[in-house]
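# Observations on the model geometry
So the chains spell out like this:
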Amino acid sequence: MEKAHFKDKVALITGSSRGIGASIARTLAAAGADVALNYRRSGGSSEDHGNKLCEEIRSLGRKALLIQADISEKESVRKLVGSVTEYFGRLDFLVLNAARTPFKPLEKLMERELRQLVDTNYIGNIFCIQESVQELAKSEGRIVFVSSLGSRFYNPSYPLGSMKAAMESVVRDCAEGLRGKNISVNAVCGGIVKTDSFKVLRQLWEEIEYIPEYLFVEPREIAEVVEFLLSPASRAVRGQTIVVDHGFSNRLYQPMVKK
Ligand SMILES: NC(=O)c1ccc[n+]([C@@H]2O[C@H](COP(=O)([O-])OP(=O)(O)OC[C@H]3O[C@@H](n4cnc5c(N)ncnc54)[C@H](OP(=O)(O)O)[C@@H]3O)[C@@H](O)[C@H]2O)c1
């Protein structure tokens, strides 16, 4: 549903060619925002999905732009944000959604994998914040980071969890650090969502087969909380991480059923 607050505002969503990022893009476009989509790998299915999504959003009467950029590279992020401001003339919302991880224990990561993990999921997100601050400050902008339950619970094949924990702390820091610029910063911590990365995770984590269906989260359920954090209704929420997991993390033991 279109909402006055989002009309003519511009959202940049990193890693939005597919999965949760694509759902966030659709949700914000439906609310009235123009959208900048981003992906990393040129020439593959991600680019195809991104182009289709771009057309879908334009058919709603919104502006949309698909930009290839690797957030782990400072120059690439500079060009990403530069392309957004050149095309749309402004930036109101930054959604830090892109993530990339090997699914293996931390202690088994090769040096290259470890550096890529930190470069994309910690340093890359901070590059995005740094490069966007000037534009966001012009519009009392908002930043939302997409975290996961790995930030607070152990999973042997999910080294991304430690980066999510670090970023939840960055969210708190930036909420205070950017207060003077009237930029609000919060996070959404999602439970388990059946995206492409879930297909890999289920091969490594056989207990996933025992999780009841009602505890899985739909991409749009995360997207709707992102929309809330970008809306005036959340103006008193600062530096927080909202858990969206159907209560999966509420108790130590869940009724588990083999499907
Ligand atoms: N799936 C879950 O269960 C779950 C639960 C909670 C939170 N989350 C979080 O939600 C976010 C999206 O998850 P998802 O499952 O939808 O992911 P996904 O399907 O794996 O999609 C990841 C997106 O990020 C992009 N990306 C990866 N590395 C990038 C980089 N260096 N620069 C720019 N873009 C990059 C990918 O583009 P390419 O395809 O071109 O590489 C793709 O568009 C992530 O932050 C994830 O940790 C996921």
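Residues numbered from 1 in each chain as written. Predicted model: local features only at pLDDT ≥ 70, side-chain atom pairs only at ≥ 80, totals over all residues. Heavy atoms only, no water.

As a further point, take the pattern of salt bridges. Under the counting rule described, the total for this entry stands at 17 salt bridges. For the salt bridge of Arg62 with Glu2, the shortest nitrogen-to-oxygen distance reads 3.0 Å. Of the two residues, Arg62 is situated in the loop between helix H2 (45-58) and strand E3 (64-68) and Glu2 in the segment before strand E1 (10-13); the sequence distance between them amounts to 60 residues. Residue class for Arg62 comes out buried when judged on its relative accessible area of 12%. (Salt bridge = Lys/Arg side-chain N within 4 Å of Asp/Glu carboxyl O. Helix = DSSP H or I, 4+ residues; strand = E, 2+ residues; numbered from the N terminus. Buried < 20%, exposed > 50% of the residue type's maximum accessible area, 1.4 Å probe, protein only.)

The next point concerns the environment of Gly32. Following the sequence through the fold, Gly32 ends up in the loop between helix H1 (19-31) and strand E2 (34-39). Considering only alpha carbons, one finds Gly32 and Ile67, 35 residues apart in sequence, at a separation of 20 Å. Apart from residues lying up to four places away in sequence, Gly32 is in contact with Glu2, Phe6, Lys7, Asp8 and Arg62. (Contact = heavy atoms within 4.5 Å.)

So, about the sheet that holds E3. Taken together, the 7 strands give an open sheet; going across it, the order is E3-E2-E1-E4-E5-E6-E7, and neighbouring strands pair in parallel fashion. Of all the strands in the sheet, the pair left with one neighbour each is E3 and strand E7 (241-244). Within this sheet the neighbouring strands show an average axis-to-axis angle of 20 degrees, counted without direction. Pairing between strand E4 (residues 93-96) and strand E5 (residues 142-148): 4 bridges, direction parallel. Opposite Leu96, over in E5, you have Phe145 as the bridge partner. In the packing of H1 onto the sheet, contacts are made with E1, E2, E4 and E5, and the angle to E1 comes to roughly 175 degrees. (Pairing = 2+ DSSP bridges. Axes fitted to C-alpha atoms, helices over the stretch in contact; angles between N-to-C directions.)

A separate point is the environment of Ser148. Counting through the fold element by element, Ser148 comes out in strand E5. In sequence terms Ser148 and Ala165 are 17 residues apart; their C-alpha atoms lie 8.7 Å from each other. Apart from the residues within four sequence positions on either side, Ser148 is in contact with Tyr158, Lys164, Glu168, Cys189 and Gly190.

Now for unusual backbone geometry. At Asp8, a position not held by glycine, the phi torsion is positive, near 65 degrees. One can find Asp8 in the segment before E1. Taking the relative accessible area as the measure of exposure, Asp8 reaches 49% and is therefore partly exposed. Unlike most non-glycine residues, Glu140 shows phi in positive territory, near 50 degrees. The residue Glu140 is located in the loop between helix H4 (111-137) and E5 in this model.

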